[in-house]
Amino acid sequence: MRYALVVLFFIVTFISFAQPRRITLVIDAGHGGSDYGHIPKSKKLMPEKDVNILIANFLGSYIKKYLYNIDIVYTRTDDSFVSLDDRVELANLKKADYFISIHCNANDKAAVHGTETHVHNIKSAKSVRLAETLEKEFATRAARKSRGIKDTKDREHSLQVLKYTTMASVLVECGFLTNEREANYLNTTQGQEIVASAIFRGFRTFIVKEYPTIDFLKPPSKGDYAVQIMSSKVPIATDSKAFKTLEHKVIRQEVESTNAYKYRYIVGNFKTREDGKDVLKYLQRNGFKDAIIINTKN
């Protein structure tokens, strides 16, 4: 028994030291500059390169705001042209752990729509696991049509940023700009935020499971303020359809009240009203126009 405990101790110690303290993620906004990518049929809508960087920026902001111990490297932060060679070289030089490339799709058939996550080879286990978590988020909480995971055999050609990067890499096709409804959706801030938050949640789920010794999750801040998004007479489950597209966790509270509304639903925990303004704006853009910042102690 003592021998078994000693062996277990050394195994746990080895795992602890083998696990890195931080990980590096490269976020690659596809195309840029003179390379427009796919062009939607309507001239009123943005080309792929612009949609890509907006989604990439939302993804990066979510990670910076809600996760610890992750270094983010962007292949581009503005409307500049970056070659495929330069994207690969940057990721490899930074010795990144993960590479997520953001793109939008196109098809000759206008009815085709949905998300896809591409890997170089279906035998690349870590890349496939990451791709699976992303597509699961698209299909469930983001309520998008998932077209699944694709590899070189499915495409009948390789993708340079997946083939030559030395880390686990995926390329996410966020939707089809050749589908009118999906193109309009991807051209809205709400659509970009929901797609980015699905990628964020999938990535978060993946790394938390992949690195059990790293604390990625930020502890909640202690404060007296929160954003109230609604109230109800009877309790509503916080995992209901009304809340599933939100990036933020919804908390239900029972309150003492003389009126019929006995339950309120809040998001966040802030030291001041000012700290909650960004979350308030996000919630108002995402269907809760009557959301307000409240003092939870009152």
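Chemist: What is the right way to look at the state of the cysteines in this model?
Modeler: Should the sulfur atoms of two cysteines be covalently bonded, the bond is a disulfide. What the rule picks out here adds up to zero disulfides. Cys 104 provides the cysteine sulfur closest to Cys 174, a residue in no disulfide bond, and the two sulfurs are 5.3 Å apart. Of the residues examined, Cys 174 reaches a relative accessible area of 1% and is grouped as buried.

Chemist: Just to check I follow, could you spell out unusual backbone geometry for this structure?
Modeler: With the exception of glycine, most residues fall at negative phi, and the peptide bonds are largely trans. Positive phi outside glycine occurs at Asn 69, with the angle close to 60°. Looking at the element boundaries, Asn 69 is found in the loop between helix 2 (48–66) and strand 2 (70–74). Overall, Asn 69 belongs to the partly exposed group, its relative accessible area being 23%. In this structure, Lys 95 is a non-glycine residue whose phi angle is positive, near 50°. Residue position: Lys 95 is located in the loop between helix 3 (84–93) and strand 3 (98–105).

Chemist: Any chance you could explain the environment of Pro 235 here in plain terms?
Modeler: Mapped onto the elements, Pro 235 comes out in the loop between strand 7 (225–232) and strand 8 (250–254). Leave out the neighbours within four places in its chain, and Pro 235 touches Arg 252, Tyr 263 and Tyr 265.

Chemist: So what exactly am I meant to see when it comes to the confidence of the model for the protein here?
Modeler: For residues with low pLDDT, the predicted coordinates do not support detailed interpretation. Scored by pLDDT, the protein has a mean of 91; 92% of the residues are at 70 or more. Note that residues 5–17 has pLDDT below 50 and, in this model, two contacts with residues that lie over four places away or in other chains.

Chemist: What is the right way to read the pattern of salt bridges from this model?
Modeler: Side chains that differ in sign of charge can pair as their charged atoms come close. Evaluated as defined, the whole model comprises ten salt bridges. We note a salt bridge from Arg 201 to Glu 247, for which the minimum N-O separation is 3.7 Å. A residue pair is termed long-range when its members are at least 10 positions apart, and Arg 201 in helix 8 (residues 189–210) and Glu 247 in the loop between strand 7 and strand 8 qualify at 46 residues. Here Arg 201 and Glu 247 have matching classes, each one buried.

Chemist: Would you explain the sheet that holds strand 9 (residues 263–270) in this entry?
Modeler: Hydrogen bonding along the main chain pairs the strands of a sheet, whether they run parallel or antiparallel. Across the sheet, which stays open at both edges, the four strands sit in the order 8-9-7-10 with antiparallel pairing between neighbours. Each edge of the sheet is formed by a strand with only one pairing partner; in this case those strands are strand 8 and strand 10 (292–295). Sheet twist, expressed as the average angle between the axes of neighbouring strands with direction ignored, equals 45°. Taken together, the five bridges between strand 8 and strand 9 define a ladder with antiparallel strand orientation. Bridge pairing in strand 9 links Val 250 to Val 267.

Rules used in this analysis
- Residues numbered from 1 in each chain as written.
- Predicted model: local features only at pLDDT ≥ 70, side-chain atom pairs only at ≥ 80, totals over all residues.
- Heavy atoms only, no water.
- Disulfide = S-S within 2.5 Å.
- Buried < 20%, exposed > 50% of the residue type's maximum accessible area, 1.4 Å probe, protein only.
- Helix = DSSP H or I, 4+ residues; strand = E, 2+ residues; numbered from the N terminus.
- Contact = heavy atoms within 4.5 Å.
- pLDDT = per-residue confidence, 0-100.
- Salt bridge = Lys/Arg side-chain N within 4 Å of Asp/Glu carboxyl O.
- Pairing = 2+ DSSP bridges.
- Axes fitted to C-alpha atoms, helices over the stretch in contact; angles between N-to-C directions.

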